[in-house]
Amino acid sequence: MALKAADLKAGDKYESVIVENLSRTQIVQYAGASGDYNPLHTDEVFATKAAGYPSVFAHGMLTMGMTGRLLTDYVGDARLTRYGGRFTSQVWPGDTLTATATVDAVREEDGGKVVDLTVRTVNQDGTEVFSGYASARVD
């Protein structure tokens, strides 16, 4: 069932856990899918000894991609017209991430309705790891 503009108002929120206990395997699988084999994400010895981090950590784009799934679950496939943001903190193996989309406005654009959203993803401690925005066509 498609999201209806008439059912949306500023301040509405949609929230979901997008990953529980992120695994090193998921991080390495993303490296393979993206072609980004930066050793900070895949090599524990490099990340800890050479770079001084406590562990490998997830690619920012992995976090953004998982957050994007929250958006398409909410607005539907092929409806996003704009999506962007910034990585505000690192995501570590074992993290559980929860994403929230908040309705900023529902407006007219090109003869149709568009919802503008603020997007925020936090880890299990409430630390923000991604902050962004999105727009999507709605019926």
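Our subject in this report is the structure included herewith.

Rules behind the numbers
As a convention, each chain's residues are numbered from 1 in the sequence order in which they are written. A pLDDT threshold of at least 70 governs which residues receive local features in this predicted model, and a stricter bar of 80 or more applies before side-chain atom pairs are shown or counted, although totals over entire chains, interfaces and linings include all residues. Calculated side-chain values reflect all of the structure's heavy atoms, with hydrogen atoms and water omitted. What makes a nonpolar core is a set of buried Ala, Val, Leu, Ile, Met, Phe, Trp, Tyr and Cys residues whose side-chain atoms join them at distances within 4.5 Å. In this scheme, a residue with accessible area under 20% of its type's maximum is buried, one over 50% is exposed, and one in between is partly exposed, where area comes from a 1.4 Å probe on protein chains only. Only DSSP runs of H or I covering at least 4 residues are called helices, and only runs of E covering at least 2 are called strands; the numbering of each starts at the N terminus. A pair of strands is treated as paired once DSSP finds two or more bridges between them.

With respect to the nonpolar core
- One finds L8, L22, Y74, V75, L97, V115 and L117 to be the most contacted residues of the largest nonpolar core, which totals 28 residues.
- Elements with a minimum of two residues in this core: strand 1 (13-19), helix 4 (60-75), strand 3 (97-109), strand 4 (112-122) and strand 5 (128-138).
- When residues of this core are assigned to their parent elements, the largest contribution, 7 residues, is made by helix 4.

Comments concerning the pairing of strand 4
- The pairing of strand 3 with strand 4 spans 11 bridges and is antiparallel. Within strand 4, the residue paired with E109 across the bridge is G112.
- Where strand 3 folds back onto strand 4 in an antiparallel hairpin, the turn is made up of 2 residues, including D110, whose phi is positive at roughly 50°.
- Connecting the antiparallel pair strand 4 and strand 5 is a turn made up of 5 residues, with G126 showing a positive phi of about 85°.

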